[in-house]
Amino acid sequence: MDSPLKHHFDPAERPDCLDVSPERLNPMTAAQLERELEAALEAMTEGYGNPSSGYALGQAAAAALKEHRAAVAGRLGCAPEELVFTSCGTEGDNWAVRAAADYGRRKGRHIITTAIEHAAVLEPVKALAAQGYEVTYLKPDRSGHVSPDALRAALRPDTVLVSMMLVNNELGTLLPVAEAAQAIRDAGSPALLHCDAVQAFLKVPFTPAELGVDLLTLSGHKIRAPKGIGVQYIRRGLNLKPLLTGGGQEGGLRPGTEPTAQAAALAAACAAWEGDYPARIQELKEYALGSLSAVPGLEIVSRGDAPHICAVSLPGYPSEMLVRELSDRGVYVSSGSACHRGKPSHVFAALGLPKRTLMGVLRVSFSPESTRADVDALAGGLTEITKTRIAAR
Ligand code: PLP
């Protein structure tokens, strides 16, 4: 079927999922993106009823929403009833942190998290600290890993929340979430365990039950769904405080007329995400790490445990300059989390890197459409920069 959006659809305008050269999308990927667009379009043009309405069109929209929730639950390995649609990962992280603190309010005021969480977790934690909560920030080692023993040692009888991401967004390292769940159980702690799995979903294998988490946060745009949709997993039986109050949608937990088009696109994105993507991306990352090692002076900061992220540094070269120069060559990398543009990243700072190394860090991420040619352009671009620019001492 010819999509009505055909002539407006330019996959290259979706650079968020392509940190390396967005210009080239293979036809298969373009077809997948088109499937998402068609799903969203159908929800907006044919299935445009309000899922809360009793008339047929509304009921059809409710039935479609149920299917979309089930599609996400199928990929996540949980029950559809355990999922709430949100607007983004930030919303889910904020909600989880605040609601978990509220849930444990009679048991204590101690929170454990890590120094390398996303700002979407760190900021609400900071706000709770300002209200009198004590916070323990687990520090990573030089490789970006957090020790489960440090978590065991930090747990206290008054700990009410442990928030630990599964894959770090700047280093690609895996954090010991399942071990954290075990530690909480062993200690008989009342703490709820929240996991920001925004970077992990469909990239590394896990289910919330395997991890043993109470709350888990996802974001659609990391798997090519449109921006504006996220998913919050809430373990069955956990009576969490609603994010909003209103008309009772999403089980009364996150009321508001449901984002049916975004949910349709998210379900389509889940269906289109192929099983061999992680292995393909991992292989390309290995190739990249080999090619980048040949760039004069380049240091590998993190190889990343997850298939799609690694971090390198050209010591003495300001990363903002590297990002700009590479961008001019059509290669898109970042100097850290996109949310911290222009400022040194707290994640790299937490590794205790030497100043010159910290100055030149780059986060490189790969998507299913990244190619060896992209990697060659990155390595070539960096080599050229080292020949034409002088590093700071
Ligand atoms: N958590 C992590 C690990 C992320 O990488 C991001 C976004 O990049 C977020 C949370 C925030 O998600 P969103 O952009 O959907 O608000």
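Report on the accompanying structure. (Residues numbered from 1 in each chain as written. Predicted model: local features only at pLDDT ≥ 70, side-chain atom pairs only at ≥ 80, totals over all residues. Heavy atoms only, no water.)

Here we take up the state of the cysteines. Evaluation of the coordinates by the stated rule reveals zero disulfides. Cys270 forms no disulfide, and the closest cysteine sulfur to it belongs to Cys78, at a distance of 11 Å. (Disulfide = S-S within 2.5 Å.)

The next subject is helix α4 (residues 119-130). The end-to-end C-alpha distance of α4 is 16 Å, a good match for the 16 Å that 12 residues give at a rise of 1.5 Å each. Buried residues along α4 sit against α3 (89-103), β2 (110-114), β3 (134-138), β4 (159-163), β5 (192-196) and α11 (346-350). In the stretch just after α4, Gly132 is the one whose phi turns positive, near 110 degrees. (Helix = DSSP H or I, 4+ residues; strand = E, 2+ residues; numbered from the N terminus. Expected span 1.5 Å × (residues − 1). Contact = heavy atoms within 4.5 Å.)

Strand order in the open sheet formed by seven strands is β1-β7-β6-β5-β4-β2-β3, and the pairing between neighbours is mixed. Strands with a single pairing partner mark the edges of an open sheet, and in this sheet they are β1 (83-86) and β3. Taken pair by pair, the neighbouring strands of this sheet meet at an average axis angle of 20 degrees, ignoring direction. Inspection of the sheet shows β4 paired to β5 by three bridges, in the parallel sense. The partner of Leu161 across the bridge, within β5, is Leu192. Its contacts with the sheet put α4 on β2, β3, β4 and β5, and the angle it makes with β2 is roughly 155 degrees. Running at roughly 175 degrees to β5, helix α6 (residues 177-187) makes contact with β4 and β5 of the sheet. (Pairing = 2+ DSSP bridges. Axes fitted to C-alpha atoms, helices over the stretch in contact; angles between N-to-C directions.)

Attention now goes to the nonpolar core. Here is a general trend for soluble globular proteins: nonpolar side chains tend to be buried in one another's company. One finds Leu76, Phe206, Leu216, Leu266, Leu292 and Leu382 to be the most contacted residues of the largest nonpolar core, which totals 83 residues. Each residue touching Leu216, except ones within four places of it in the same chain, is listed here: Leu76, His194, Cys195, Ala197, Phe206, Leu211, Val231, Gln232 and Tyr233. Grouped together as the second largest cluster of nonpolar side chains are 20 residues, Ala96, Ala99, Ala100 and Leu192 included. (Core = buried A, V, L, I, M, F, W, Y, C linked by side-chain atoms within 4.5 Å. Buried < 20%, exposed > 50% of the residue type's maximum accessible area, 1.4 Å probe, protein only.)

Here the focus is helix α2 (residues 56-76). Spanning 21 residues, α2 covers 30 Å between terminal C-alpha atoms, matching the ideal 30 Å at 1.5 Å per step. Of all the positions in α2, only Gly58, Ala61, Leu65, His68, Arg69, Val72, Ala73 and Leu76 are classed as buried. End-on, the buried residues of α2 take up no more than an arc of 140 degrees, which puts them together on one face. Exposed residues on α2 whose side chains face more than 90 degrees from its buried face are Ala56, Lys66, Glu67 and Gly74. The elements touched by buried residues of α2 are β1, α7 (208-211), β6 (215-219), β7 (230-234) and α8 (260-272). In the segment just after α2, Gly77 is the residue with positive phi, at about 80 degrees. (Arc of directions from axis to C-beta.)

So, on to the packing of helix α10 (residues 319-328) against helix α13 (residues 372-388). Running from amino to carboxyl end, α10 crosses α13 at an angle of 120 degrees, the nearest separation of the two axes being 10 Å. Considered as vectors, α10 and α13 are oriented oblique to each other. The two elements α10 and α13 meet at a crossing, and its hand is right-handed. Each of Met321, Leu322, Glu325 and Leu326 in α10 lies in contact with α13, whose residues at this interface are Leu378, Gly381, Leu382 and Ile385. (Parallel < 35°, antiparallel > 145°, perpendicular 65-115°, else oblique. Left-handed = near helix turned anticlockwise from the far one by under 90°.)

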